[in-house]
Amino acid sequence: MTAPILTFDWHAADEAATAQLGTALASALRAGDVIALNGELGAGKTRLVRAIAAALGMVDEEVNSPTFVLIHEYEGRVPLYHVDAYRLRDSDEFLSIGGDEVLAGDRACLIEWADRIADLLPRDHLRVEITATGETQRTFAMSASGKRSAELLGELQRTLSGRS
Ligand SMILES: Nc1ncnc2c1ncn2[C@@H]1O[C@H](COP(=O)(O)OP(=O)(O)OP(=O)(O)O)[C@@H](O)[C@H]1O
Ligand SMILES: [Mg+2]
């Protein structure tokens, strides 16, 4: 793995602080951005995605194929793919359910359990490692690995500074 070019940790004391992070991420997000979410079961990956989607004013669309339940599409200010890679066997299985299209850059991609498809992620993505440090406390350790993700993380940092 290449060394991150920018890192930033967000310490959330409660779900409201997680939602605050989601809102800030949403305001900096663009189509083509890839956010790789990692962390144990119940860490808060989906909670963060919901906060981002809500901030973008989204409505969950109906999925029309059972194999696509691992990939959700949302329409909003920035269109999103929300992927849950937990049940994927490997990267090939992700590709077989349309993963290449997901990563094509038409939408922003929020990927839970992204480490399971690490080899498919673009080099430039924002990694978010979530750790539960208490019942409602979560640490979001974020690292940017390229130009665009560093720009995204920099903007996020500016939005959140002085508000934590
Ligand atoms: N500060 C917090 N941020 C996020 N979630 C929190 C926080 N405090 C408590 N929670 C709770 O932790 C749980 C997080 O669940 P969530 O489904 O987001 O986890 P997940 O990482 O997506 O897990 P999975 O790997 O099973 O998909 C929720 O029950 C939520 O209410
Ligand atoms: Mg989840």
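Residues numbered from 1 in each chain as written. Chains lettered and ligands numbered in written order. Predicted model: local features only at pLDDT ≥ 70, side-chain atom pairs only at ≥ 80, totals over all residues. Heavy atoms only, no water.

**Q** Explain the pattern of salt bridges residue by residue, including any values.
**A** Under the defined criterion, the tally for this structure stands at nine salt bridges. Of the charged contacts, one joins arginine 47 and glutamate 15 as a salt bridge, the two residues approaching to 2.7 Å between their closest N and O atoms. In this pair, arginine 47 is assigned in helix H2 (residues 45–55) and glutamate 15 in helix H1 (residues 15–28), connecting sequence segments 32 residues apart. Between glutamate 151 and arginine 148 there is a salt bridge, and its shortest N-O distance comes to 2.6 Å. Here arginine 148 and glutamate 151 lie together in helix H5 (residues 147–160), a separation of three residues that amounts to about one turn. (Salt bridge = Lys/Arg side-chain N within 4 Å of Asp/Glu carboxyl O. Helix = DSSP H or I, 4+ residues; strand = E, 2+ residues; numbered from the N terminus.)

**Q** Account for H2, naming residues and giving values.
**A** Turning to H2, its buried residues number three or more, namely Lys45, Leu48, Val49, Ala51, Ile52 and Ala53. Among the residues trailing H2, glycine 57 stands out with phi positive, at a value near 70°. (Buried < 20%, exposed > 50% of the residue type's maximum accessible area, 1.4 Å probe, protein only.)

**Q** Explain the pairing of strand E5 (residues 80–84) residue by residue, including any values.
**A** The element E5 is extensively covered by neighbouring structure, given that four of its five residues are classed as buried. Relative to E5, strand E4 (residues 71–75) runs antiparallel, the two sharing four bridges. If you follow isoleucine 71 over to E5, its bridge partner there is valine 83. Once E4 ends, the chain turns through four residues before running back antiparallel as E5. Of the pairings in the sheet, the one linking E5 to strand E6 (residues 108–112) comprises five bridges and is parallel in character. What sits directly across from aspartate 84, in E6, is glutamate 112. (Pairing = 2+ DSSP bridges.)

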